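# Commentary on secondary and tertiary structure
Single-letter residue listing:
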Amino acid sequence: MAHGHKKDDEEKVIFVGDSRVRKGAGFITPPDYTAYPGKSEAFIPNFLLKEWMVGVVVLVGILVLTISEPAPLGYPANPSASVIPMPDWYFLFLYQYLKYPYASGDYVLLGVLGVSGIAFGALLLAPFLDTGKERRFYKRPIASSLMLLSVISVIYLTNVAWTHYEHELEASGQKPEHIQREEEALERREQGLPPVSNAPGQKQEVAIVEKDDPAMETYKKAGCIGCHAADMKGASGPSLRGVGDKHSQEEILTIIKEGYNVMPPQYDNAIAKGVTDEEINHLAEWLAKQKVEQ
């Protein structure tokens, strides 16, 4: 307020401005969900209870699937088997990445911590670096380009890793165990034989046929026990009990002379140990008799 005085003592009031602000009554409490009827609800217990109920339904569904379709048993472990190690398919790109010179050997720290740290750090900083309001991918060239580059890299490294694995199998003459078992199961089906089960308590113990046959001594003399064990249950090589269900006498003789999969030919080794051709033929005949009792 401004006041002026004249000589005749008349008072004149001049309005200058009003900047008054209503004084607050302390902390202002925001309106709760009751201020928006039909549009909101209490978090506890209404909303949280609904979330829990959905979670319970999903959990029960998973349990039902687990009980109705139990996980299949894997193949018996063979620590002496010759295999090419491979990770699960979703880790193939990392498996291939760690093969490169700049990610292994003298640069293993760079490959494991450096490059991976930069990738994950960039992912964590993405919301802070890309602060634009635009959400359409074609108007975000940098973020979209990095995403496409990452996807293409993962697909490329996965394909290279799998292709290299197939070439290694072909060069070494190996077959993955699951493929071998599928082929054996197909052969048994074609021969009208029952499938072999790996379930506990269901595996049939195959007995040695004509255990006192002279071929048993030939089997030991030829050095077969080194891979197939003295009881013919297998060591570094497969079990020969029931081998007659898979191969005939002629096929077994061919395997001895020419090898099979990763098994090299054994004919020359047997001859060098003093085994005669007649004994080898008799051994093949005896092995062909090793069949599962029907």
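These lines cover the structure that appears in this document, whether it is placed above or below. Owing to the predicted nature of the structure, the values given are computational and were not obtained by experimental measurement.

Rules of the game
- Residues numbered from 1 in each chain as written.
- Predicted model: local features only at pLDDT ≥ 70, side-chain atom pairs only at ≥ 80, totals over all residues.
- Heavy atoms only, no water.
- Helix = DSSP H or I, 4+ residues; strand = E, 2+ residues; numbered from the N terminus.
- Contact = heavy atoms within 4.5 Å.
- Patch = residues over 30% accessible without salt bridge, like charges linked within 9 Å, V, L, I, M, F, W, Y side chains within 5 Å.
- Areas by Shrake-Rupley, 256 points an atom, 1.4 Å probe, with all protein chains shown as cover.
- Salt bridge = Lys/Arg side-chain N within 4 Å of Asp/Glu carboxyl O.
- Lys, Arg positive; Asp, Glu negative; His and termini not counted.
- Charge placed at Lys NZ, Arg CZ, Asp CG, Glu CD.
- Buried < 20%, exposed > 50% of the residue type's maximum accessible area, 1.4 Å probe, protein only.
- Axes fitted to C-alpha atoms, helices over the stretch in contact; angles between N-to-C directions.
- Parallel < 35°, antiparallel > 145°, perpendicular 65-115°, else oblique.
- Left-handed = near helix turned anticlockwise from the far one by under 90°.
- Nonpolar A, V, L, I, M, F, W, Y, C, P; charged D, E, K, R; others polar.
- Disulfide = S-S within 2.5 Å.
- Arc of directions from axis to C-beta.
- Phe/Tyr/Trp six-rings, centres within 6.5 Å; stacked < 30°, edge-to-face > 60°.
- Lys NZ or Arg CZ within 6 Å of the ring centre and 35° of its normal.
- Core = buried A, V, L, I, M, F, W, Y, C linked by side-chain atoms within 4.5 Å.

With that settled, consider the overall build of the chain. Within the chain, the regular secondary structure consists of 10 helices and two strands. Ordered by position from the N terminus, the helices and strands of the chain form the series β-β-α-α-α-α-α-α-α-α-α-α. Considering only residue pairs separated by 6 or more positions, the chain has 59% of its internal contacts joining residues 24 or more positions apart.

On the surface, Glu187, Glu190, Glu250 and Glu251 cluster together into a patch of negative charge. Of all the secondary structure elements, the ones that give two or more residues to the negative patch are helix 5 (177-190) and helix 8 (249-258). Mapping glutamate 190 onto the fold places it in helix 5. By relative accessible area, glutamate 190 is classed as exposed at 62%.

As a further point, take the packing of helix 8 against helix 10 (residues 277-288). Running from N to C, helix 8 and helix 10 point in directions that differ by 125°, and their axes come no closer than 8 Å. Taken together, the axis directions place helix 8 and helix 10 in an arrangement best described as oblique. For helix 8 against helix 10, the interelement crossing comes out right-handed. For the pair helix 8 and helix 10, contact is made by Gln249, Ile252, Leu253 and Ile256 and by Ile280, Asn281, Ala284, Glu285, Leu287 and Ala288, respectively. Of the residues contributing to the contact of helix 8 with helix 10, the split by class is seven nonpolar, two polar and one charged.

On to the state of the cysteines, then. Summed over all chains, the structure comprises zero disulfides. Lacking any disulfide linkage, cysteine 224 is separated from the closest cysteine sulfur, that of cysteine 227, by 8.6 Å. You can call cysteine 224 partly exposed: its relative accessible area is 22%. Relative accessible area serves as the criterion here: at 39%, cysteine 227 is assigned to the partly exposed category.

This next bit is on the pattern of salt bridges. For the structure shown, the criterion picks out three salt bridges. Arginine 136 is the salt-bridge partner of glutamate 134, the closest N and O atoms lying 2.7 Å from each other. Ionic pairing is found between lysine 289 and glutamate 210, a salt bridge with its closest N-O pair at 3.5 Å. Residue lysine 289 is found in the segment after helix 10, and its partner glutamate 210 is found in the loop between helix 5 and helix 6 (215-221); the two are separated by 79 residues along the sequence.

In this structure, glutamate 210 is a non-glycine residue whose phi angle is positive, near 55°. Of note in this structure, alanine 229 is not a glycine but carries a positive phi near 70°. Looking at the secondary structure, you find alanine 229 in the loop between helix 7 (225-228) and helix 8. Alanine 229 gets classed as buried once you look at its relative accessible area, which sits at 14%.

A word on helix 8. Residues of helix 8 that are buried: Ile252, Leu253, Ile255 and Ile256. Considered in projection along helix 8, the buried side chains sweep an arc of 155° and stay on one side of the axis. Along helix 8, exposed side chains directed more than 90 degrees from the buried face belong to Glu250 and Glu258. Close packing links the buried residues of helix 8 with helix 9 (267-272) and helix 10.

Attention shifts here to the packing of aromatic side chains. Here the structure, examined in full by the defined rule, presents six aromatic pairs. Arranged with centres 6.4 Å apart and planes meeting at 55°, the rings of tyrosine 97 and tyrosine 102 form a pair that is tilted. On the basis of relative accessibility, which here comes to 12%, the residue tyrosine 97 falls in the buried class. Taken together, Trp89, Tyr90 and Phe91 form an aromatic cluster joined through their ring pairs. Just above the ring of tyrosine 267 sits the side chain of lysine 257; from NZ or CZ to the centre is 5.6 Å.

Ranked by internal contacts, the top residues of the largest apolar core, which has 19 residues, are Tyr219, Met232, Ile252, Trp286 and Leu287. Sorting the residues of this core by element identifies helix 6, helix 8 and helix 10 as the ones contributing at least two each. Considering each element in turn, this core owes the most residues, six residues, to helix 10. With residues near it in sequence (within four places) discarded, isoleucine 252 still touches Val243, His247, Ala284, Leu287 and Ala288.

Within the element layout of this structure, threonine 218 appears in helix 6. We classify threonine 218 as buried; its relative accessible area is 7%. The contacts of threonine 218, once residues within four sequence positions are left out, are Val275, Glu279 and Leu283.

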